[in-house]
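Examining the three-dimensional arrangement
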Amino acid sequence: KIILSRALEINGLAYYTKLLPIATLFMTIASFSLGPVITQIVSKNISKRPYSNRDLIKKSFVTATTTATIVSIIHLVFNYLICHYLLRMDILIKPFLFFIPLYFLQSYTAIFKGYFHGYGKMAVYAVGQLLEQVVRIILVYIFIIPQIKISIINGVVAAILTLSIGEIIQNIYMFICVISFTKLKGKTEIKTEYKDIIKPAINLTLNKLLSAICMFLEPIIYTYAFLKT
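Now for a quick tour of the structure. (Residues numbered from 1 in each chain as written. Predicted model: local features only at pLDDT ≥ 70, side-chain atom pairs only at ≥ 80, totals over all residues. Heavy atoms only, no water.)

A closer look at the packing of aromatic side chains
- As enumerated under the stated definition, the model contains 9 aromatic pairs in all.
- An angle of 65° between the planes, with centres 5.6 Å apart, marks the rings of Phe 61 and Phe 112 as edge-to-face. Taken together, the residues Phe 61 in helix H3 (residues 53-86) and Phe 112 in helix H5 (residues 100-118) connect sequence positions 51 residues apart.
- Residue classification places Phe 61 among the partly exposed residues on the basis of a relative accessible area of 23%.
- Phe 112 gets classed as buried once you look at its relative accessible area, which sits at 4%.
- An aromatic cluster is present here, built from Phe 26, Phe 96, Phe 99 and Tyr 103 joined pairwise through their rings.
- The ring of Tyr 194 carries the charged tip of Lys 59 above its face, separated from the ring centre by 5.4 Å. (Phe/Tyr/Trp six-rings, centres within 6.5 Å; stacked < 30°, edge-to-face > 60°. Helix = DSSP H or I, 4+ residues; strand = E, 2+ residues; numbered from the N terminus. Buried < 20%, exposed > 50% of the residue type's maximum accessible area, 1.4 Å probe, protein only. Lys NZ or Arg CZ within 6 Å of the ring centre and 35° of its normal.)

What follows is the structure, given as structure tokens:
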């Protein structure tokens, strides 16, 4: 974050941090608390054999894709309204759209994270996080800095894209680990019902929404207050 802040400079950082709380609200809804839910399901059924890892992962990805798609549509519909009327900055309309891929990627990361946490394989997620951060630091120098020299908005877009690229690298690594660790083929007997994923996910997401909504409102309230003064 320190390196990114220095690369974006004061104006680029101002735009970036103004969008981040709003994007965080959308990401909270899109991820649908799948991480802790999957951890709970895996840890609860880990002693049962044969456990259908394939079925759990497949249905988790279907759920994540569905919620991320709904959030992305909402984002597209309200993108102009948020930037023009709430943030009072039309210049942010284009950069804000680049958060949409992140809704899907972070949802998938949550699935992998929850799965490995359920098995106590904390090192896998830790290495994935490390890879993500290393990639993002490299991209600051080869992607963000050249773009911000062209324009501040290009730099902000580049900064948002590095979030997605870092998530992609992390997901690729964890997917490889899943393939090597998990028996995705063969006969399976224990199936995961969608309700087993969705019901606890709704409860956890509702608990998280309060802080996410507060973060969403913060830049809007500040904008309104400063315009009034």
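Thoughts on the packing of helix H2 (residues 34-45) against helix H8 (residues 194-228)
- Two elements in contact, H2 and H8, have axes separated by 9 Å at closest approach and are oriented at 130°. Here H2 is positioned oblique relative to H8, judged by the angle of their axes. Taken as a pair, H2 and H8 cross one another with a handedness that is right-handed. Taken together, the residues of H8 that come into contact with H2 (itself represented by Leu 34, Pro 36, Val 37, Gln 40 and Ile 41) are Asp 196, Ile 197, Pro 200, Ala 201 and Leu 204.
- Split into classes, the residues belonging to the contact of H2 with H8 amount to 8 nonpolar, 1 polar and 1 charged. (Axes fitted to C-alpha atoms, helices over the stretch in contact; angles between N-to-C directions. Parallel < 35°, antiparallel > 145°, perpendicular 65-115°, else oblique. Left-handed = near helix turned anticlockwise from the far one by under 90°. Contact = heavy atoms within 4.5 Å. Nonpolar A, V, L, I, M, F, W, Y, C, P; charged D, E, K, R; others polar.)

Considerations on the nonpolar core
- Ranked by internal contacts, the top residues of the largest apolar core, which has 37 residues, are Phe 96, Phe 99, Tyr 103 and Ile 144.
- Elements supplying a minimum of two residues to this core: helix H1 (2-31), H3, H5, helix H6 (122-150), helix H7 (152-181) and H8.
- The element that contributes the greatest number of residues to this core is H1, accounting for 12 residues.
- Once you skip the residues sitting within four places of it in the chain, Phe 99 turns out to touch Leu 19, Leu 20, Ala 23, His 75, Ile 160 and Leu 163.
- In terms of nonpolar packing, the next biggest core, distinct from the first, is built from 22 residues, Phe 32, Tyr 108, Phe 112 and Cys 177 among them. (Core = buried A, V, L, I, M, F, W, Y, C linked by side-chain atoms within 4.5 Å.)

Concerning unusual backbone geometry
- In this model, Phe 32 sits at a positive phi of 60°, which is unusual for a non-glycine residue.
- Summarising the element assignment, Phe 32 is placed in the loop between H1 and H2.
- Of note in the backbone geometry, Ser 33 takes a positive phi value of approximately 55° without being a glycine.
- With respect to the secondary-structure elements, Ser 33 resides in the loop between H1 and H2.

Structural notes on H8
- Along its 35 residues, H8 runs 48 Å from first to last C-alpha, staying within 8% of the 51 Å computed at 1.5 Å per residue.
- At Leu 209, H8 shows its largest bend, some 35°.
- Those residues of H8 that sit buried are Ile 197, Ala 201, Thr 205, Leu 209, Ala 212, Phe 216, Pro 219, Ile 220 and Thr 223.
- Buried residues along H8 sit in contact with H1, H2 and H3. (Expected span 1.5 Å × (residues − 1). Bend = angle between axes of the 7 residues up to and from the residue.)

Considering the environment of Val 127
- Topologically, Val 127 is positioned in helix H6.
- Considered as a pair, Val 127 and Lys 44 are 83 residues apart in the sequence and their alpha carbons are 25 Å apart.

Some words on a nonpolar patch on the surface
- A grouping of Val 127, Leu 131, Ile 165, Ile 168, Ile 169, Ile 172, Phe 175, Ile 176 and Ile 179 is seen on the molecular surface, where their side chains present a nonpolar patch of about 710 Å² in accessible area.
- Mapped by element, the contributors of at least two residues to the nonpolar patch are H6 and H7.
- Broken down by element, the residue count for the nonpolar patch peaks at 7 residues, all from H7.
- Locating Ile 172 in the fold gives a position in helix H7. (Patch = residues over 30% accessible without salt bridge, like charges linked within 9 Å, V, L, I, M, F, W, Y side chains within 5 Å. Areas by Shrake-Rupley, 256 points an atom, 1.4 Å probe, with all protein chains shown as cover. Salt bridge = Lys/Arg side-chain N within 4 Å of Asp/Glu carboxyl O.)

Quick look at the packing of H2 against H5
- The N-to-C vectors of H2 and H5 enclose an angle of 30°; their axes lie 7 Å apart at closest approach. Regarding the angle of H2 to H5, the classification is roughly parallel. Pair H2 / H5 crosses with right-handed handedness. Of H5, the residues touching H2 (which contributes Leu 34, Gly 35, Ile 38, Thr 39, Val 42 and Ser 43) are Ala 110, Ile 111, Gly 114, Tyr 115, His 117 and Gly 118.

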